[in-house]
Amino acid sequence: MSFGALAGWQAWLALLATAGLFSWLFFMKIRAPRVAVPSLLLWQRVLDEAREMTLWERIRKVVSWIVITLIGVMLVLAVMRPAPSVTAASGGRRLIILDSSWSMGAETSAGETRWERAIAEARALIQSSAGDEVAVATTADGLVEGPSTDAVLLEAALDRLAPSGGEDSDWPKLANISKVHFLTDGTVPRAMADLEATGADVVVQSVYEAAPNVAITAFEVYEPGDPTAQAEGYLELANYSAEPQQARLVVTRGTREVGDVQIDLAAGEAVRQVVALGTEGDARVRARITAPNNALAVDDEAVAWIARAEQLSVTVVTPEPGFLKVLFDSLPGMRVTYIAPGVYDRPRQGAEHVLVFDHWVPPTAPTKPALYVSPMVTPGTDWLGSSRDESKPVWATADRHAVLRGVDPATVMLERARSVDSDAWTPVARSATGVPLVSVQESTSTRGVMLGFGFLEAESNVALQPAFPVLVVNAIEWLGRPTLSGQLRPGVVAVDAALTRVMSADGGTLPITAFGEAQLVRFPRPGLYLAEGGGMRTTFAVNVGDPQVSNVNRTSLSEEAQAQSAAARANDPWWPWIVGLAFVLVLVEWWTWHRRITV
Amino acid sequence: MAIGFDSDFLKKLEYLHVVSKKAFAGQARAERLTPKRGRGLEFADYRQYSAGDDFRHIDWKAYRRLGRLLLRLFDEEQDLPIYLFIDASHSMAPAGQGPEKFEQALRLAAALCYIGLAHLDRVTIMPFDSTVREERTPGQGKGRIFRVFEMLEQLQVGGTTDMAEAFKNFAGRGRRAGLTVVISDFLDPKGFEKPLKMLQARGHDVYAVQMASEKDRDPGALGDVRFVDAESGEIRDVEVTPALARAYTAAWEKHTDELQTFCGRYNIGYIRADVERPVEEIVLQTFRQGRFVA
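The rules behind each value
- Residues numbered from 1 in each chain as written.
- Chains lettered and ligands numbered in written order.
- Predicted model: local features only at pLDDT ≥ 70, side-chain atom pairs only at ≥ 80, totals over all residues.
- Helix = DSSP H or I, 4+ residues; strand = E, 2+ residues; numbered from the N terminus.
- Buried ≥ 20, exposed ≤ 12 C-beta atoms within 10 Å, placed from the backbone.
- Contact = placed C-beta atoms within 7 Å.
- Arc of directions from axis to C-beta.
- Nonpolar A, V, L, I, M, F, W, Y, C, P; charged D, E, K, R; others polar.
- Pairing = 2+ DSSP bridges.
- Expected span 1.5 Å × (residues − 1).
- Axes fitted to C-alpha atoms, helices over the stretch in contact; angles between N-to-C directions.
- Parallel < 35°, antiparallel > 145°, perpendicular 65-115°, else oblique.
- Left-handed = near helix turned anticlockwise from the far one by under 90°.
- Core = buried A, V, L, I, M, F, W, Y, C linked by C-beta atoms within 7 Å.

## Focus on the overall build of chain B
Of regular secondary structure, chain B possesses nine helices and nine strands. When burial is assessed residue by residue, chain B has 39% of its 294 residues classed as buried. Counted over contacts in chain B with a minimum sequence separation of 6, partners at least 24 positions apart contribute 77%.

As structure tokens, this is what we get:
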């Protein structure tokens, strides 16, 4: 027998303690009132001759004690959810792999989730593996515990686990495995070839049970360039059930509700919904869907971050703002301050998100992201590197960098270019002679963009070309609002190499793992996260938003595998029968007591 | 506890006397016929005159008629030794039931004393538990009743019942045989048969007065109780069901029947004195019906 609520030894200990407690309570009855009698002579005769002559009177007290103890044991046993032991005779080392994909959080008709069902089966497997080495792994985390023969250790590891995605993670591997138990709902098809290649006997145990679900499968926010235009949220909602459902979608911006709509979803239908998010308000946007038949909770909520809701603060250090002032005055969502080089004071930095150094280089490197326009290196500012000039350079090559997105080099005519030779800078656009025209710097301590040309008429025609605002805004955005590219989902994600810190909404810091040149962060759950690095901060959203996850009505498991697992789980839970038995015992004890006082 | 009777009751008691099935020799002249021939008023017999006999007792009419000297004999009238054994063990006044049984026993003893004193009998009060405590003899004459009251009021319950040991102790003192009244509940773990037979074997005319109370007879369905033996302190946890209570009552009745049957078989007077009944009723009705007093 195994127990769903406790480890085996804990359960047996609890049962033993219960039996002891009830026995103690039985014998520690309320003290009967003392009655003085002239003599016990006649009572002795009566008790010896009349009552104790009958078998029932001789055994009644023992029967009552046993019945009361059994009632207590039965009730505690029922709470511990006993189940028949899984007999998996094998011997040797076993690996229990729990499918930790999000779909395992789907609720079954019994009220438990697939994950809880898998955990219960894993416990049963551990309990039935007395003496064998067992290892526990999940598809998201790999090997979690073991191999070990210590059931307590293994079950404690099970207690720590929860669904966390991992659909794309590698299979956990362990040497010298004789048997693998894969507890899965089969929603995410996995190739098991490499496991079978280890020579282990792989047993797939299904915890699948079809369940209706309603989900937000996509959520994006469109931020228009025009500050007077409303931001819009684009949502995709899906009903993965065999019945039509009426769902309610609530969208909030910060604490303000910006949308509350009832949506009729046909069976299997996916609809797109656009929600106006307003022109002003909090940067946090949250969408939540509710429906009557909704098995999975993790995909009911999606979040987004409207970056433009936060104004960028830019400080331009220039002897003469000129074209830059004209440009920045026409840009929404930016607060620009102009200061002369002589006023620049490095220790007073702090308020701005981005610094722009126009034809001037500070004596020491700034700590904030900075855009250098035609930097003029002087003996006191040579920390930036040595500069060299090129007359009438021709923009020849350009990388596909975010700074250059939308810039048409063909329209740019350069009179003079000033490049800085430094290993810290990476050229992303060069002249025909190889002189860097646009360089970027990206490290964990700083981030910068250097333009080798200025915007004066004597330097280039850039200020008069469409490339001018595009190039400057690209640079400012890249410096001030770096984003993590693509739609982020929970699980392991490769992040910007410049990131030094990633925090969750509750303030916890997520570990960043260096993997070669890349950095990997594991997002444990959907939500908003804050990243820091290179002197900048950015907030980004992580959503499940995946039809593959939300459609918990399908499985890749064969019907045979499902049937076998269902049969193993089959048997109705024992606890209702045990409670019933306890009730019968209560009646027996009542009868015993009734007999005692009336007969 | 104050023992006292009203004057009417005392008056009624004066007309009664204790009936003894046997005649016992007394110590002083009184009103009881004795087996001895003496100077009483009651003619008993003749015998031949022999030298030295009192001339005053020669029946001269018989001499004239028969020509022989015959001496008239008369029954001697003396006092009757009455021994009142009063059970003063703890069973007569259990802590939970109160002293009613013991007090009733003392009142009955006082009434019997008064009857005896009124007829100049020699009454001896002997409280006992496992032995006879200090025996008390108030003297003769009904004026001594107040001394009897005083003696009885001083008695306290204590000890365990052991009639055999107590009566053996009494027998060892070499007393004259007489009327012996045992006032007790007769709940003696060692039994009542042997001690009563012992008294009778010593020539006493024995009366057994059984004290009983309603609580003794019917404990009721008490449920779970812890019985404490008033004498030994022994404890017994019992669940007193209605059936068990009925069984107990039956056992008590059986015990009473055994006592009554035993007394009948050995010519011992038996009287049951329930606490709930007034002393007057017990003495004037029950004792008379039992031919204990007349």
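Next, the rest of the story.
## Notes on the overall build of chain A
From N to C terminus, chain A includes 11 helices and 32 strands. Out of the 599 residues belonging to chain A, those deemed buried represent 41%. In chain A, of all internal contacts separated by at least 6 residues, the share reaching a separation of at least 24 is 68%.

## Some points on the environment of Thr337(A)
As for its placement among the helices and strands, Thr337(A) is situated in strand β17 (residues 334–339). Sequence separation between Thr337(A) and Val316(A) is 21 residues, and the spatial gap between their C-alpha atoms is 6.0 Å.

## Quick look at helix α4 (residues 145–153) of chain B
All names here are of chain B. Those residues of α4 not exposed but buried are Ile-145, Val-148, Phe-149, Met-151 and Leu-152. In a view along the axis of α4, the buried residues occupy a sector of 165 degrees, so they form one face of it. Seen from the buried face of α4, the exposed residues on the opposite side, beyond 90 degrees, are Phe-146 and Glu-150. Taken together, the buried residues of α4 touch α3 (100–118) and β4 (122–128).

## Section: the interface of chain A and chain B
Taken residue by residue, the interface counts 21 residues in chain A and 33 residues in chain B. Where the side of chain A that touches chain B is concerned, the elements lending two or more residues are β2 (34–37), α2 (41–51) and α11 (575–598) of chain A. Here the element with the most residues in the side of chain A that touches chain B is α2(A); it accounts for eight residues. Tallied by class, the residues present in the side of chain A that touches chain B amount to 15 nonpolar, two polar and four charged. Bridge analysis of β2(A) against strand β7 (residues 223–229) of chain B gives four bridges, and the strand direction is parallel.

## Looking at helix α1 (residues 8–27) of chain A
All names here are of chain A. In this model, α1 (20 residues) spans 29 Å end to end at C-alpha, consistent with the 28 Å of a helix rising 1.5 Å per residue. Burial in α1 covers these residues: Gly-8, Ala-11 and Phe-22. Projected onto a plane normal to the axis of α1, the buried residues spread over an arc of 65 degrees and lie on a single side. The outward face of α1, more than 90 degrees from its buried face, is lined by the exposed residues Leu-13, Leu-16, Ala-17, Gly-20, Trp-24 and Phe-27.

## Details of the packing of helix α5 (residues 163–171) of chain B against helix α6 (residues 193–201) of chain B
Between two packed helices, what matters for the description is the angle formed by their axes and the separation of those axes. Residues and elements named next belong to chain B. Packing of α5 against α6 leaves a shortest axis separation of 8 Å and a crossing angle of 15 degrees. Here α5 lies roughly parallel to α6, going by the angle between them. At the point where α5 passes α6, the crossing takes the left-handed sense. Across the interface between the two elements, Met-163, Ala-164, Phe-167, Lys-168 and Ala-171 of α5 pack against Lys-194, Pro-195, Met-198 and Leu-199 of α6. For the contact of α5 with α6, a count of residues per class yields seven nonpolar, no polar and two charged.

## Thoughts on the sheet that holds strand β31 (residues 527–533) of chain A
Residue and element names in this part refer to chain A. Spatially, the four strands line up as an open sheet ordered β28-β27-β31-β32, and their pairing is antiparallel. Two strands lie at the open edges of the sheet, namely β28 (509–510) and β32 (536–542), each paired on one side alone. Taken together, the four bridges between strand β27 (residues 501–504) and β31 define a ladder with antiparallel strand orientation. Bridge pairing in β31 links Arg-501 to Glu-532.

## Thoughts on the nonpolar core
In terms of nonpolar packing, the biggest core is built from 78 residues, with Leu84(B), Ile86(B), Ala109(B), Cys113(B), Ile183(B) and Val209(B) touching the most fellow members. Here the element with the most residues in this core is α3(B); it accounts for 13 residues. Excluding its chain neighbours within four sequence positions, the residues that come into contact with Leu84(B) are Ala109(B), Leu112(B), Cys113(B), Val123(B), Thr124(B), Ile125(B), Met126(B), Val181(B) and Ile183(B). Counting 75 residues, the second largest nonpolar core, distinct from the first, contains Ile97(A), Ala122(A), Ala295(A) and Ala304(A).

Limitation: the analysis is restricted to geometry and does not speak to function.
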